[in-house]
Amino acid sequence: MSSYSLVVFDWDGTLMDSTHGIVSAIQGACRDLELPVPSTSEASWVIGLSLESALRRAVPQLTQAMLPRFLERYRTHYLLRDPDLQLFDGIEPLLGELAAKNVRLAVATGKSRVGLNRVLAATGLRNVFDATRTADETFSKPHPAMLQELMAELDVEPEHVIMVGDTSHDLNMATNAGVHGLGVTYGAHSPKELLECVPQAVVDDVPALREWLLPRVGG
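Residues numbered from 1 in each chain as written. Predicted model: local features only at pLDDT ≥ 70, side-chain atom pairs only at ≥ 80, totals over all residues. Heavy atoms only, no water.

In this model, the largest pocket occupies a volume close to 520 Å³. In terms of lining residues, the largest pocket is bounded by 26 residues, among which Leu51, Tyr74, Gly110, Lys111 and Ser112 are the most central. Elements supplying a minimum of two residues to the lining of the largest pocket: helix 1 (19–32), helix 3 (51–58), helix 4 (67–81) and helix 6 (113–123). Here the lining of the largest pocket gets five residues from one element, more than from any other, and that element is helix 4. Looking at the lining of the largest pocket residue by residue, the class counts come to 13 nonpolar, six polar and seven charged. (1 Å grid on protein atoms, 1.4 Å probe; cavity = no way out; pocket = protein on both sides within 12 Å on 5 of 7 lines; lining within 4 Å. Points joined across faces, edges and corners; volume = space filled by probe spheres on them. Helix = DSSP H or I, 4+ residues; strand = E, 2+ residues; numbered from the N terminus. Nonpolar A, V, L, I, M, F, W, Y, C, P; charged D, E, K, R; others polar.)

Let us now look at the packing of helix 1 against helix 4. Helix-helix packing is characterised by the crossing angle of the two axes and by the distance between the axes. In the contact formed by helix 1 and helix 4, the axes pass within 8 Å of each other and the chain directions differ by 140°. As judged from the angle between their axes, helix 1 and helix 4 are oblique. Classified by chirality, the crossing of helix 4 by helix 1 is right-handed. Touching His20, Gly21, Ile22, Ser24, Ala25, Ile26, Gly28, Ala29, Cys30 and Asp32 of helix 1 are Phe70, Arg73, Tyr74, His77, Tyr78 and Arg81, all from helix 4. Looking at the contact of helix 1 with helix 4, its residues break down into eight nonpolar, five polar and three charged. (Axes fitted to C-alpha atoms, helices over the stretch in contact; angles between N-to-C directions. Parallel < 35°, antiparallel > 145°, perpendicular 65-115°, else oblique. Left-handed = near helix turned anticlockwise from the far one by under 90°. Contact = heavy atoms within 4.5 Å.)

With that settled, consider the pattern of salt bridges. The tally for this structure, following the rule as stated, stands at twelve salt bridges. Here Asp10 makes a salt bridge to Lys141, at a shortest N to O gap of 2.9 Å. Taken together, the residues Asp10 in the loop between strand 1 (6–9) and helix 1 and Lys141 in the loop between strand 3 (131–134) and helix 7 (145–154) connect sequence positions 131 residues apart. Linking Lys192 and Glu196 is a salt bridge whose minimum nitrogen-to-oxygen distance equals 2.6 Å. You'll find Lys192 and Glu196 in the same group, each marked exposed. Salt bridges sharing common partners tie together Asp32, Arg69, Glu72 and Arg73. (Salt bridge = Lys/Arg side-chain N within 4 Å of Asp/Glu carboxyl O. Buried < 20%, exposed > 50% of the residue type's maximum accessible area, 1.4 Å probe, protein only.)

Following this line, the structure appears as structure tokens:
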């Protein structure tokens, strides 16, 4: 059984129940600009990518000239829902249990630095994580750069790292970085998509995540 000293979490759909808010914001901005509105599954699939990468996939009709206006409308829709977004039940105590076992904790997210800092402050988790990376600071998932930079900053070898995420982008990033991946099915991508990435395991809820992780960390 592997022993992990660094657990890296995706944010949206893994730690925070924000998938529906992101999908609704993409769809709402499309309606505002009279663009074809992607289905919920199409908009969900791009969660975890950098916002501009996600929009190129979910809204292919979006031109570069329209992008600033679209981003303004997206952020307006998202921020309207922001006060209602919450961590998944059980996440905060799980992070506390991991930290108590002297596990390093990190975040690798498709959010912007401004967006991540805002939710870290709102949830009171700013000091829980040893390091974080956002998509506007380095390459977007599934490029391995976020994980490579986190491992370098925290001086942890790949064999002692696991990436936890709800999308194939997270798990493919883990593979590309030479680290293990753990999928959660309560976010954006289907169990089938996660299993196709051949992670160490796929779990269905936070209690199952806790049960899988705790025996495999620290020591």
